[in-house]
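One letter stands for each residue in the lines below.
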Amino acid sequence: MAQKYYVVWIGLNPGVYDSWEACKQQVEGWKGAVYKAFDTREEAENAINMPPENFIEKKAPAATGGRKKQPKPLPPEVCLQALAVDAACSGNPGPMEYRAVYLGDMEEKFHFGPITGTNNIGEFLAIVHALALYKSRGLDWPLYSDSRNAIDWVRLKKCRTKLERTPETEAVFQRIESAERWLRENTYRNVIIKWDTKKWGEIPADFGRK
């Protein structure tokens, strides 16, 4: 079989790869991944520096009866090769969920919940979930969160919630203990950046329920 070279424009680590196995590690399970095979390394090296639309035919969107609202462009000081995390909670406590969005394509990359908890707990768990993902993939990307409390809790390696532990909240406390244990047993190089909502607007991982 002839040698193929793979360009990953959107994935864990965008770049040129000389085998399908190496490419697969960057795109498998990565929602919205964009990649293509080329016959020569020269073609691949040229393609990585160009928009993927030049090489991949874009599928026409299904009719929805209206035009989809395009996300607001992010300012140049925001790193696009990063995850942004956020949480939402209906009540305090109440059904809580959290998620991460990759800023490079604004696609959701993980989502958890809902389970009974609070918004601050969700923000804390989202950061730890993202850090663990980074560590497992060897990524040195920054991470964005709009919760000062959650960022402080992560640095302290302790979720300082005042939520009462009851049978209803047991599931979230088990996740808290798992997250705290991960923080104690692991180190990470990733910078956690406080999202500047005033300057940049709502964090892209926002659930839009305000």
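All of the points below concern the structure found in this document. Please read all numbers here as calculations on a predicted model, not as lab measurements. (Residues numbered from 1 in each chain as written. Predicted model: local features only at pLDDT ≥ 70, side-chain atom pairs only at ≥ 80, totals over all residues. Heavy atoms only, no water.)

Notes on the side chain of aspartate 206
Right, on to step 1. Here aspartate 206 is to be found in the segment after helix 6 (197-200).
Right, on to step 2. Aspartate 206 gets classed as buried once you look at its relative accessible area, which sits at 15%.
Right, on to step 3. Apart from residues no more than four positions distant in its own chain, aspartate 206 is found in contact with Asp86 and Arg99. (Helix = DSSP H or I, 4+ residues; strand = E, 2+ residues; numbered from the N terminus. Buried < 20%, exposed > 50% of the residue type's maximum accessible area, 1.4 Å probe, protein only. Contact = heavy atoms within 4.5 Å.)

Description of unusual backbone geometry
Right, on to step 1. Note the cis peptide between asparagine 92 and proline 93, where omega equals 0°.
Right, on to step 2. Looking at the element boundaries, proline 93 is found in the loop between strand 4 (83-89) and strand 5 (94-102).
Right, on to step 3. Omega for the bond connecting glycine 113 with proline 114 falls within 30 degrees of zero, at 10°, which places this linkage in the cis form.
Right, on to step 4. Take proline 114: it is sitting in strand 6 (residues 107-117).
Right, on to step 5. With phi around 60°, methionine 106 is a residue other than glycine that occupies positive phi space.
Right, on to step 6. Residue position: methionine 106 is located in the loop between strand 5 and strand 6.

Things to note about the side chain of serine 147
Right, on to step 1. Within the element layout of this structure, serine 147 appears in the loop between strand 7 (143-145) and helix 4 (148-156).
Right, on to step 2. You can call serine 147 buried: its relative accessible area is 8%.
Right, on to step 3. If near-sequence neighbours (up to four positions away) are discounted, serine 147 is found in contact with Asn120, Glu123 and Lys194.

Topic: the sheet that holds strand 7
Right, on to step 1. Pairing in this open sheet of 5 strands is mixed, and the strands run 6-5-4-7-8 from one edge to the other. Here the strands that pair on one side only, and so sit at the sheet edges, are strand 6 and strand 8 (192-194). Shown here is a sheet whose adjacent strand axes are inclined to one another by a mean of 25°, direction ignored.
Right, on to step 2. Of the strand pairs in this sheet, strand 4 and strand 7 are connected by 3 bridges, and their pairing is parallel. Note that in strand 7 the partner of leucine 83 across the bridge is leucine 143.
Right, on to step 3. Where helix 4 meets the sheet, its contacts fall on strand 7 and strand 8, and the angle it forms with strand 8 comes to roughly 155°. (Pairing = 2+ DSSP bridges. Axes fitted to C-alpha atoms, helices over the stretch in contact; angles between N-to-C directions.)

Observations concerning the environment of aspartate 18
Right, on to step 1. Relative to the helices and strands, aspartate 18 resides in the loop between strand 2 (15-17) and helix 1 (20-27).
Right, on to step 2. Residues aspartate 18 and glutamine 3, 15 residues apart in the sequence, show an inter-C-alpha distance of 7.7 Å.
Right, on to step 3. In this view, aspartate 18 contacts Gln3, Lys4, Tyr5 and Arg41; residues no more than four positions away in its chain are not counted.

Description of the nonpolar core
Right, on to step 1. Counting 53 residues, the largest nonpolar core has Leu83, Phe124, Leu125, Ile127 and Tyr144 as the members making the most contacts within it.
Right, on to step 2. When residues in this core are grouped by element, the largest group, 9 residues, is from helix 3 (residues 119-137).
Right, on to step 3. Setting aside anything within four residues of it in sequence, one finds tyrosine 144 in contact with Glu77, Val78, Cys79, Ala82, Leu83, Ala84, Val85, Leu103, Ile193, Trp195, Trp200 and Ile203.
Right, on to step 4. Listed in part, the 5 residues of the second largest apolar core include Val8, Tyr17, Cys23 and Val27. (Core = buried A, V, L, I, M, F, W, Y, C linked by side-chain atoms within 4.5 Å.)

With respect to the packing of aromatic side chains
Right, on to step 1. As enumerated under the stated definition, the model contains 12 aromatic pairs in all.
Right, on to step 2. With centroids separated by 6.2 Å and ring planes inclined at 80°, the aromatic side chains of tyrosine 144 and tryptophan 200 adopt a geometry described as edge-to-face. Separated by 56 residues along the polypeptide, tyrosine 144 in strand 7 and tryptophan 200 in helix 6 bring together distant segments of the chain.
Right, on to step 3. On the accessibility criterion, tryptophan 200 (13% relative accessible area) is buried.
Right, on to step 4. Taken together, the ring pairs in this structure connect Tyr6, Trp20 and Tyr35 into an aromatic cluster.
Right, on to step 5. Against the face of phenylalanine 38 rests lysine 36, its NZ or CZ located 6.0 Å from the ring centre.
Right, on to step 6. Seen from the ring of phenylalanine 112, arginine 175 lies directly overhead, with NZ or CZ sitting 3.7 Å from the centre. (Phe/Tyr/Trp six-rings, centres within 6.5 Å; stacked < 30°, edge-to-face > 60°. Lys NZ or Arg CZ within 6 Å of the ring centre and 35° of its normal.)

Just distances and angles here, no functional claims.
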